[in-house]
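One letter stands for each residue in the lines below.
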Amino acid sequence: MSWFNRDKAGIEKHTERKVKVPEGMWVKCQGCSETILGKEIENNLNVCPKCGHHYRIPARKRLEILLDNGTWQEYDADMKSVDFLDFKDAKSYQERIDAALAKGGSKDAVICVEGAIEGIGVQVACFDFAFMGGSMGSVVGEKITRSIERGLKQRQPVLIISASGGARMQESILSLMQMAKTSAALAKLKQAGIPFISILTDPTTGGVTASFAMLGDLNIAEPKALIGFAGPRVIEQTIRQKLPEGFQRAEYLLDHGMVDAIIPRMEMRPKLASILKMLHHSAA
Amino acid sequence: MATPFHLEFEKPIVELEKKIEELNALAADGLDISADVATLEGHVEKTRKDIFANLSRWQTAQVARHINRPFTLDYVKHMFTEFVELHGDRNFGDDHAIVGGLARFDGQPVVVIGHQKGRDTKEKVYRNFGMPNPEGYRKALRLMQMAEQFKLPVITFVDTPGAYPGIGAEERGQAEAIARNLREMASLRTPIIVCVTGEGGSGGALAIAVGDRILMLEHSVYAVISPEGCAAILWSDGTKGEQAAEALKPTAKDIIGLGVIDEIIGEPIGGAHRDHEAMAATLKEAIARNLAELNKLSLDDLVEKRYQKFRAMTRCVE
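So, how was this worked out
Residues numbered from 1 in each chain as written. Chains lettered and ligands numbered in written order. Predicted model: local features only at pLDDT ≥ 70, side-chain atom pairs only at ≥ 80, totals over all residues. Heavy atoms only, no water. Pairing = 2+ DSSP bridges. Helix = DSSP H or I, 4+ residues; strand = E, 2+ residues; numbered from the N terminus. Contact = heavy atoms within 4.5 Å. Axes fitted to C-alpha atoms, helices over the stretch in contact; angles between N-to-C directions. Buried < 20%, exposed > 50% of the residue type's maximum accessible area, 1.4 Å probe, protein only. Right-handed = clockwise from strand over helix to strand, strands pointing away. 1 Å grid on protein atoms, 1.4 Å probe; cavity = no way out; pocket = protein on both sides within 12 Å on 5 of 7 lines; lining within 4 Å. Points joined across faces, edges and corners; volume = space filled by probe spheres on them. Domains from an automatic or database assignment. Disulfide = S-S within 2.5 Å.

Student: Please give an account of the sheet that holds strand β10 (residues 261-262) of chain A that cites residues and values.
Tutor: By way of backbone hydrogen bonds, the strands of a sheet pair with one another, either parallel or antiparallel. Residue and element names in this part refer to chain A. Strand order in the open sheet formed by seven strands is β3-β5-β6-β7-β8-β9-β10, and the pairing between neighbours is mixed. Of all the strands in the sheet, just β3 (73-75) and β10 have a single pairing partner and so form its edges. As judged from the four bridges shared by strand β8 (residues 196-204) and strand β9 (residues 218-221), these two strands associate in the parallel manner. Looking at β9, one finds that Leu200 is bridged to Ala221. Packed on one face of the sheet, helix α4 (residues 138-154) meets β3, β5 (110-117), β6 (120-127) and β7 (158-164) and runs near 170 degrees to β6. Of the strands in this sheet, β5, β6, β7, β8 and β9 touch helix α9 (residues 265-279), which is tilted by about 155 degrees from β8.

Student: Kindly report on the pairing of β6 of chain A, identifying the contributing residues and their values.
Tutor: Residue and element names in this part refer to chain A. Here β6 lies mainly inside the structure; seven of its eight residues are buried. The pairing of β5 with β6 spans eight bridges and is antiparallel. Residue Val110 lies in a different strand from β6, and its bridge partner there is Phe127. In textbook terms, the turn of a hairpin is the stretch between consecutive antiparallel strands, and for β5 and β6 this stretch comprises two residues, one of which, Glu118, has a positive phi near 45 degrees. Of the strand pairs in this sheet, β6 and β7 are connected by four bridges, and their pairing is parallel. Of the residues in β7, the one forming a bridge with Gln123 is Val158. Taking the sense of rotation as the criterion, the β-α-β connection linking β6, α4 and β7 turns out right-handed.

Student: Go over the layout of surface pockets, please, and point to the residues and values.
Tutor: Where empty space is left in the structure can be found by rolling a water-sized probe over the atoms. All names here are of chain A. In this model, the second largest pocket occupies a volume close to 570 Å³. For the second largest pocket, the lining is made up of 33 residues, of which Tyr55, Arg56, Ile57, Phe129 and Asp202 are closest to its centre. Listing elements by their share of the lining of the second largest pocket, those giving two or more residues are α2 (59-66), β6, β7 and β8. A per-element tally of the lining of the second largest pocket places α2 first, with three residues. Counting the residues that make up the lining of the second largest pocket, at least three belong to each of domain 1 (19-55) and domain 2 (56-279).

Student: I'd like a rundown of the state of the cysteines, residues and numbers included.
Tutor: All names here are of chain A. Evaluated as defined, the whole model comprises zero disulfides over all chains. There is no disulfide at Cys51, and the cysteine sulfur nearest it, in Cys32, is 3.6 Å away. For Cys51, a relative accessible area of 37% gives the class partly exposed. Free cysteine: Cys112, not disulfide-bonded; nearest cysteine sulfur from Cys126 at 9.2 Å. Accessibility expressed as a relative area gives 0% for Cys112, which makes it buried.

Written as structure tokens, this is what we have:
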């Protein structure tokens with residue numbers, strides 16, 4: 001490394017060093033800065049084998065490692081969002097929906113399935129952050145509410161795995177109402193004595209945190225996940241102060257009594273199985 | 001309503017009113033100009049009516065935030081008797097951005113809860129600009145549960161830019177406090193009437209706005225985020241509030257078709273801030289009418305209907 005960086009590009013020589021490595025083979029870990037084979041992280045449930053840094057993991061991959069035999073029955077897979085407000089910022093909402101659909105993944109920001117964890121039937125709603133930042137509009141609220149209602153009807157525990165920027169602005173007031181709708185369904189589940197476990201992963205903020213994600217009989221977080229109501233930038237702008245170290249990270253929430261436990265991804269399935277068997281003993 | 005305060009778009013009205021004043025000054029000198037004054041006064045009324053009948057969404061947001069708009073304690077003064085304010089969440093403190101207490105509404109004992117803003121600088125700071133901390137929501141919940149225990153209806157007034165985004169608020173569980181209120185209000189076994197009177201700012205508003213009837217004043221707003229907040233995120237420019245307000249469609253007229261509110265309550269011409277008493281009287285009539293309907297339902301029906309009301313708030317294709 002040179003002592004001084006050129007501020008202008010040279011005529012004949014390129015200023016940046018060129019190293020010929022196939023893209024994506026090696027990555028510098030965001031947690032420990034070690035250089036690691038990308039495949040190694042991927043094969044380790046998207047967790048750095050050296051420092052345990054949890055990378056975000058695609059929703060379907062998460063379901064595969066969570067549920068028995070990596071199988072499930074999916075519900076409402078084709079439910080899609082509508083631009084009923086004709087919402088437009090730089091792009092219209094419809095364009096954003098189309099762009100998200102064109103990725104070929106989920107058709108909205110949550111995948112709702114029925115599966116089993118060590119033989120216990122469960123309803124799982126798992127956010128897909130790749131779809132519009134996991135934001136919650138009508139579709140997400142509706143699918144989650146149906147999951148809770150299925151849990152209620154079939155007396156199965158409900159798990160919601162959150163990864164979301166919050167309520168989806170493009171559906172304005174109806175996005176807000178999804179918070180009330182899902183929380184109302186959880187009230188019924190609670191009265192029926194059926195467990196609801198909220199799993200908070202990086203990031204869980206805004207209207208998702210301020211509704212079902214904080215309402216678990218157990219709130220379980222993944223290590224270092226960002227969890228909060230207001231985003232860190234909004235808070236900094238409001239109070240005009242630097243935020244404390246580790247603010248809104250899972251460990252910080254644990255310290256402040258907001259989550260029951262932090263469970264690493266590797267241990268999530270066995271721990272959940274154990275918890276479910278204890279809570280839902282009459283059904284087991 | 002001590003200080004006169006005019007919004008940008010009220011300029012034509014203010015100019016006309018100035019002319020009337022000038023004329024009146026002339027009249028003091030002995031000129032008979034009563035006919036001219038009367039014409040001008042008619043003109044003022046017409047201009048005001050026209051302007052307020054055609055407010056843009058951004059202008060509506062400004063009326064909703066008008067410094068002289070009636071706040072919760074103004075409604076309490078005009079609509080209820082024997083108000084006893086009750087303080088504190090029994091855990092941490094007393095939040096001044098939410099007020100609540102016992103009162104009589106047409107003789108019937110009720111629990112009143114609402115966001116409270118301030119009018120002068122000192123009071124604004126004391127009320128934290130109407131932005132509650134978690135203990136405000138927890139106080140509200142405590143009072144609602146008390147209402148359930150003693151079979152009292154709950155009447156709430158919603159007027160907040162949003163829940164306070166601060167370090168302490170996060171540490172004490174702002175999200176949890178809001179979430180818990182949503183769940184508990186959904187199943188509270190007593191009637192709940194919600195009045196959106198000013199700014200319905202996101203989760204901070206919703207946390208006292210899950211009810212059997214949602215009434216919304218003509219020039220109030222209710223949305224998932226403030227126009228400025230939305231602009232800061234989607235346009236990366238907090239000054240694009242006007243465009244964001246158009247996109248968010250937060251007015252009563254915009255959202256009644258979505259089934260989110262039940263009734264739009266008309267305001268005095270020129271906005272609620274021009275006549276607190278008249279505004280309170282109109283709103284009181286609507287609350288009384290809705291309360292009488294709700295009082296007839298069994299508690300099981302009431303709670304199930306409330307569930308179905310929010311359950312139906314969906315727009316999607318399958």
